[in-house]
Amino acid sequence: MTTLHDRLADLADQAPVGGAAPDLWSRGVRRHRRRRAVGAAAALVVGLVGVTGVLAGLRSDPAPQPAQVPFEQLHLPRTAYPPSPWAAGTDETGAPGRLAFVSVAERNQTRGVRETTQLFQPFGMSAVDGSSVFLDLPDTRTELGFYALTLSPDGTKVGYVRYAGRNRIKGWGVYDTITGRTTMLRDPDMARIRNEETSGLAFSGDSRYLETVYSLTGSKASRQKSLVLWDVRSGQPLEAEPAGHYWQPNLGSGPSGTVWSRHSTTFTFEPDTGATTSVDTPFRVVEASVAPDGRGRAFVAFGPTDRASRPLYVGTRANDLMRVLVGVDADDLLGWSDAEHVVVRQLRTGETVEVDITTGRATSLGLDVTGRQMVRPTYAADLWANPLVAGERPPDPHDPRLPAWIAAGVAAVVALAGFVARRRRRVRA
Amino acid sequence: MSGPDSFEEYVAARRGTLLRTAYLLTGSHDDAEDLVQVALIKAVPHWKRIADHPEPYVRKILARESVSRWRRRRWRELPSDDLPETPVDGPAAERVELQRALARLAPRQRAVIVLRYYEDLTEVETARVLGISVGTVKSQARDALTRLRADALATVSP
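The paragraphs below set out a description of the structure included in this document.

Basis of the calculations
Residues numbered from 1 in each chain as written. Chains lettered and ligands numbered in written order. Predicted model: local features only at pLDDT ≥ 70, side-chain atom pairs only at ≥ 80, totals over all residues. Heavy atoms only, no water. Pairing = 2+ DSSP bridges. Helix = DSSP H or I, 4+ residues; strand = E, 2+ residues; numbered from the N terminus. Patch = residues over 30% accessible without salt bridge, like charges linked within 9 Å, V, L, I, M, F, W, Y side chains within 5 Å. Areas by Shrake-Rupley, 256 points an atom, 1.4 Å probe, with all protein chains shown as cover. Salt bridge = Lys/Arg side-chain N within 4 Å of Asp/Glu carboxyl O. Buried < 20%, exposed > 50% of the residue type's maximum accessible area, 1.4 Å probe, protein only. Core = buried A, V, L, I, M, F, W, Y, C linked by side-chain atoms within 4.5 Å. Contact = heavy atoms within 4.5 Å. Phe/Tyr/Trp six-rings, centres within 6.5 Å; stacked < 30°, edge-to-face > 60°. Lys, Arg positive; Asp, Glu negative; His and termini not counted. Charge placed at Lys NZ, Arg CZ, Asp CG, Glu CD.

## What to know about the sheet that holds strand 15 (residues 265-269) of chain A
All names here are of chain A.
1) Next: Reading across the sheet, the 4 strands line up as 13-14-15-16 and stay open at both edges, with antiparallel pairing between neighbours. The outermost strands of the open sheet, each flanked by one partner alone, are strand 13 (250-251) and strand 16 (276-280).
2) Next: Pairing of strand 15 with strand 16 involves 5 bridges; the strand directions are antiparallel. Considered in strand 16, the bridge of threonine 266 is made with valine 279.

Okay, here's the thing in structure tokens:
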């Protein structure tokens, strides 16, 4: 009996003898170089794709917020963080959802391969998750870094002044933070708005009207400014107070309609019904605010001199007011946490207190503003009713050109390594 | 010496042996020559490391390449059970019979048979060369031998 080995050896005897096989060594070397080059190229591609992916991931912003978030889940932050100067804008991220506040912060803009321009641009912080995003509002005056900017009490609309040039105002814009659409408000009789008070931009208490102060006749003369409300749904203007007053109205706030003061008289106007009210106080009013129940009042009054602190008067009825000392200068009435507590801010420090209008007792809210912000935040006034949250420190994305710089660096290193390797091979040969 | 000269010396000395193994693995003169060339070319980048004892590494490339080449080719080549016309008796007939039986084996089974019963490697060595477990070597060898016996090689013992 033969073994399998014998039978296999017998069959192997039929194997070819093999002709000349020249160049096996050099063919092996060439194959190895080819594979190494392909491997390096593949590694480079994978590396670049990976780096780009990681950086894109770091830069990516959270998903858009759902439009319908229960009111109880919306919060104002104790600390108002600005976004990173390299953060994305709404042109990239889409609508941010309901905002807690708007402000203006430093933003970087790439110029060419290496240069960067610093601008001050408006941003908003989400009332849902605390994320910050720059607001890419059409027709803003970016080169000056100054904005007439306001946020509706419900946090769904950002109002601002639209410019046609450096100083030429052509109207107003209302950016919807839910849909991302901007409603362009423009007086059909005037291509250019004159005598406009950019400091007097506010929303009505029901967030439906944008309150503006300008001359309906286009005159730059005094006593020509009217208080005009723009219905942001229809885009139609409505004159709440006609011209004829020397000073502009001091805008206030209330649960609905519009509130403004002149001297010692405070007016209210309900656009839906046309109803007006007025109440006189024994002091000249800087700012008036009506409580959510329509009865409580808070007034910031003029001091005896321009430099003197402004007195704060509060009361549960318009004709039953008391002057209270709250430990800070009462410069701004930001809103109401309930019918008996008004929120007051000192502009110089940003310190904010909640004042009980029945006892006059003030409690600090511990608000803080960080980073380089050009103005004090404008808060969504309705949200003072909800508990405050700490605030989200925003991520810190880097220059969007970084992936390209890294790719260029890697390519340069690979090219240099290839050059050196080639030189060494030539020297050896 | 670990450069081209030692490689050429090795090729000159061992090419015939490698061709015999390759022929058993492929069953074809052309494929055997091609397989040996590829194995030697693939060994070049590693020559510095294996120059003192190249045979195991070259054999490993040879065996693995024979299996993987079959995998690459099987979808584009039509297999045929019919071998060319051959004599009907005598030693030549036995060779054809064996060649036919080997051709019917799966490539890995065939490689196991060649390495175990022609190259006389142990099961552990065979497993290392093919990159498979010893258990797989055992089962592949058992199945291959069963099929070889069924193909009228009853007079053959392992």
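## Remarks on a nonpolar patch on the surface
1) Next: A contiguous nonpolar patch, built from Ile406, Val410 and Val414 of chain A and spanning about 190 Å² of accessible area, is present on the exposed surface.
2) Next: With relative accessibility at 31%, the residue valine 410 of chain A sits in the partly exposed group.

## Describing the nonpolar core
1) Next: One finds Leu8 of chain A together with Leu40 and Ile113 of chain B to be the most contacted residues of the largest nonpolar core, which totals 56 residues.
2) Next: Considering every element that reaches this core, the biggest residue donor is helix 1 (residues 4-26) of chain B, with 9 residues.
3) Next: What leucine 40 of chain B contacts, discounting residues up to four positions off in sequence, is Leu24 of chain A together with Phe7, Tyr10, Val11, Leu18 and Val58 of chain B.
4) Next: Within the second largest apolar cluster, 33 residues are counted, among which are Val69, Ala80, Phe134 and Leu367 of chain A.

## Some details on the packing of aromatic side chains
1) Next: Scanning the model with the defined rule gives 12 aromatic pairs over all chains in all.
2) Next: When the centroid spacing of 5.4 Å and the interplanar angle of 45° are considered together, the rings of tryptophan 172 of chain A and tryptophan 230 of chain A count as tilted. Note that tryptophan 172 of chain A is positioned in strand 7 (residues 169-176) and tryptophan 230 of chain A in strand 11 (residues 225-231), a separation of 58 residues in sequence. For the pair formed by tryptophan 172 of chain A and tryptophan 230 of chain A, the shared burial category is buried.
3) Next: Ring centres of tyrosine 10 of chain B and tryptophan 47 of chain B lie 5.5 Å apart, and the angle between their planes is 50°; on these two criteria the pair is classed as tilted. Taken together, the residues span a long stretch of sequence, with tyrosine 10 of chain B in helix 1 and tryptophan 47 of chain B in helix 3 (residues 47-50) at a distance of 37 residues.
4) Next: Using a relative accessible area of 9% as the deciding quantity, one classes tyrosine 10 of chain B as buried.

## Some remarks on a positive patch on the surface
1) Next: Side chains of Arg168, Arg186, Arg192, Arg194 and Lys220 of chain A sit close together on the surface and give a patch of like positive charge.
2) Next: Position of arginine 168 of chain A among the secondary structure elements: in the loop between strand 6 (157-163) and strand 7.

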